[in-house]
Amino acid sequence: MSILARDWAYRQALRAPEKPVLVALAEHVGGAGRECWPSLARLALMTGYSERTVRRALRALESAGLVRIERRPGRPALYSLNLSTTPDRESGDPGQSVPRTGKNRK
């Protein structure tokens, strides 16, 4: 586990389900690295979300530039965390969420 990646993930101004998914990814990063490859099933187990919700959160994290996803046929995707991204401190809203794609939720 990379403490640097985990601490970076916790500092991001996100809400559920994006934040728990980002933290779960960070828990899989080794040493001083940025990359990991947990399965969707593993991320779902760690976060308590369905695989569908995890996929949606991953797309939102990718759109926000926090995670780069390399899809690899027949193998789990390779996730690279953008550790150079810093939280938006100017907004003053630590609960700010990444923009949602798709249907609007109430």
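This section reports on the structure supplied with the text. (Residues numbered from 1 in each chain as written. Predicted model: local features only at pLDDT ≥ 70, side-chain atom pairs only at ≥ 80, totals over all residues. Heavy atoms only, no water.)

**Description of the nonpolar core**
Part 1 of the argument: Among the nonpolar cores identified, the biggest contains 25 residues, and Leu-22, Leu-25, Leu-58, Val-67, Tyr-79 and Leu-81 are the most heavily contacted of them.
Part 2 of the argument: The set of elements that each furnish at least two residues to this core consists of helix H1 (3–11), helix H2 (18–28), helix H3 (40–47), helix H4 (51–63), strand E2 (67–70) and strand E3 (78–81).
Part 3 of the argument: If one sorts the elements of this core by residue count, H2 sits on top with 6 residues.
Part 4 of the argument: Leaving out residues up to four positions away in the same chain, Tyr-79 has contacts with Leu-25, Arg-34, Glu-35, Cys-36, Trp-37, Pro-38, Leu-40, Leu-43, Leu-58, Val-67, Arg-68 and Ile-69. (Core = buried A, V, L, I, M, F, W, Y, C linked by side-chain atoms within 4.5 Å. Buried < 20%, exposed > 50% of the residue type's maximum accessible area, 1.4 Å probe, protein only. Helix = DSSP H or I, 4+ residues; strand = E, 2+ residues; numbered from the N terminus. Contact = heavy atoms within 4.5 Å.)

**Regarding the pairing of E2**
Part 1 of the argument: Side chains of E2 alternate between two faces, with Val-67 and Ile-69 buried and Arg-68 and Glu-70 left unburied.
Part 2 of the argument: With 4 bridges joining them, E2 and E3 adopt antiparallel strand pairing. Bridge pairing in E3 links Ile-69 to Tyr-79. (Pairing = 2+ DSSP bridges.)

**Describing H3**
Part 1 of the argument: Within the span of H3, buried status applies to Leu-43, Ala-44 and Thr-47. When H3 is viewed along its axis, its buried side chains cluster within an angular range of 100° and face the same direction.
Part 2 of the argument: Looking at the buried positions of H3, the neighbouring elements they touch are H2, H4 and E3.
Part 3 of the argument: Immediately downstream of H3, the backbone of Gly-48 shows phi near 85°, a positive value. (Arc of directions from axis to C-beta.)

These figures come from the coordinates and say nothing about function on their own.
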